[in-house]
Amino acid sequence: MQFKISSAFSVLGRTRQRLASLLPALLVLCLWQGDAQAACSRAAINIVPQAPAPTLTFDTTTPLGTVIGRTTIVTLPANTVLGNCTGGSGAMYITGTPDGGYALIAPGATEENQRAVHDVNNKVIPGLAMVLYVTYNGTRYAMSRDNRAGDAEVYTVKCNRCSSISSSASGLKIEAEFIKTQHSLQTVNMPQRTVALLQFDATPPGNNLNYYPFSMAGSNTKAKASCRVNFPGTIQLGTISKNILVHDGGSPDQRVRITFVCDVAPKLTMRISQAAGAAADSKRGILSNTDTSSSAARGVGVQIRADDVARTPVELGQDQDSGLQSSASFNRDFYARMVPLSTLSPTSGSVRAQAAITATFD
């Protein structure tokens, strides 16, 4: 009887030892399989990594919340394999990039996804926001600013029982919209900077080659100025003898002053044209006499000249680029005088000319 008890005890002891020795091996095997299941890595495809920044069109009167520029950062064709997966699972993350300076919320923003934009000196541009959008599987999503391991997560594409992740049957697109959020917005000077990533969760983590970066090329854009312009109504050229007119080549100059009051110093372009009908001599800046009455002078026109030392004739119908002005409020002067035409001898009578002045601001 004692032998049987001893024998039973002996068998039980050996069985427990075997289970204990097998358990660590099973745990190691499970951990190894877990690492292998989350392994998607970037596929080797040719992607254009840079897009031009858009031209931003706005002025100080543009309402807040207005989209003032758009650009497509990347467009990928349908069913493009972006990542290869092993172990049957993994993920691709479409993200913004805090290290690129687009993680802070923009000054004056009304939505969480309106990102601050930095200038070439890494300073936040007041009054400008950028919203990133991704279109995947035919649906357009606004990218959030929530953090995931240091990056702003936008959209996650899971890989369940798959060997690859593609751009979807409808392709993939990442876009940026720029929004005016404050009336202080005047000048935009964006550097070239990465704004979005396609990331994959390959093992080991921290693989620096396991993403596609997308950037925008820098842009220098100045606000279109909002200006109030005062054009003169009527300029009196006085009276002059036709003989003196012919002898001296023209009557005394009369100044034509145009005043500008703008919100910011603008880049100015001006054009002077004959208001109606044909000019007498566009190259020499001579407007034709529009008085058609019986008392109208013949052989006389009105010449427009520039405010320079030589009083250079202004060619009619042509843009005159004055460049960036030094201040927001300024004057532009021209001079008008009666001159004889080369086709007819001047006769006595009245002279009337009408000019159209166009000012363009950038």
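Everything that follows concerns the structure shown earlier in this document.
This one's a predicted model, so the numbers in the text were calculated from it and none came from an experiment. (Residues numbered from 1 in each chain as written. Predicted model: local features only at pLDDT ≥ 70, side-chain atom pairs only at ≥ 80, totals over all residues. Heavy atoms only, no water.)

Caption draft 1: Here's a closer look at the environment of glycine 249. Looking at the element boundaries, glycine 249 is found in the loop between helix 2 (242-248) and strand 18 (254-262). The residues contacting glycine 249, other than those within four sequence positions of it, are Ile244, Arg337, Val339 and Pro340. (Helix = DSSP H or I, 4+ residues; strand = E, 2+ residues; numbered from the N terminus. Contact = heavy atoms within 4.5 Å.)

Caption draft 2: Seen up close, the side chain of serine 168. Inspection of the secondary structure assignment puts serine 168 in the loop between strand 11 (164-166) and strand 12 (172-180). Within the structure, the side chain of serine 168 is placed 2.8 Å from the backbone oxygen of glycine 171, a separation counted as a polar contact. Residues contacting serine 168, with those up to four places away along its chain left out, are Ala78, Asn79, Tyr136 and Asn137. (Polar contact = N/O pair within 3.5 Å; in protein donor to acceptor, adjacent residues only side chain to side chain.)

Caption draft 3: Representation of the pairing of strand 21 (residues 300-306) in the model. Extensive coverage of strand 21 is indicated by the burial of seven of its seven residues. Burial along strand 21 is two-sided: Val300, Val302, Ile304 and Ala306 and Gly301, Gln303 and Arg305, pointing in opposite directions, are all buried. In this sheet, strand 21 lies alongside strand 20 (residues 286-287) in antiparallel orientation, the contact comprising two bridges. Its bridge partner being in strand 21, isoleucine 286 is matched across the sheet by glutamine 303. (Buried < 20%, exposed > 50% of the residue type's maximum accessible area, 1.4 Å probe, protein only. Pairing = 2+ DSSP bridges.)

Caption draft 4: Layout of the sheet that holds strand 19 (residues 267-274). Ordered in space as 22-19-24, the three strands form an open sheet in which the pairing is antiparallel. At either margin of the open sheet sits one strand with a lone partner, and together these are strand 22 (320-324) and strand 24 (355-361). Taking each pair of neighbouring strands and ignoring which way they run, the sheet shows an average axis angle of 15 degrees. Examined bridge by bridge, strand 19 and strand 24 share seven bridges and lie antiparallel to one another. (Axes fitted to C-alpha atoms, helices over the stretch in contact; angles between N-to-C directions.)

Function cannot be read off these values alone, since they describe shape.
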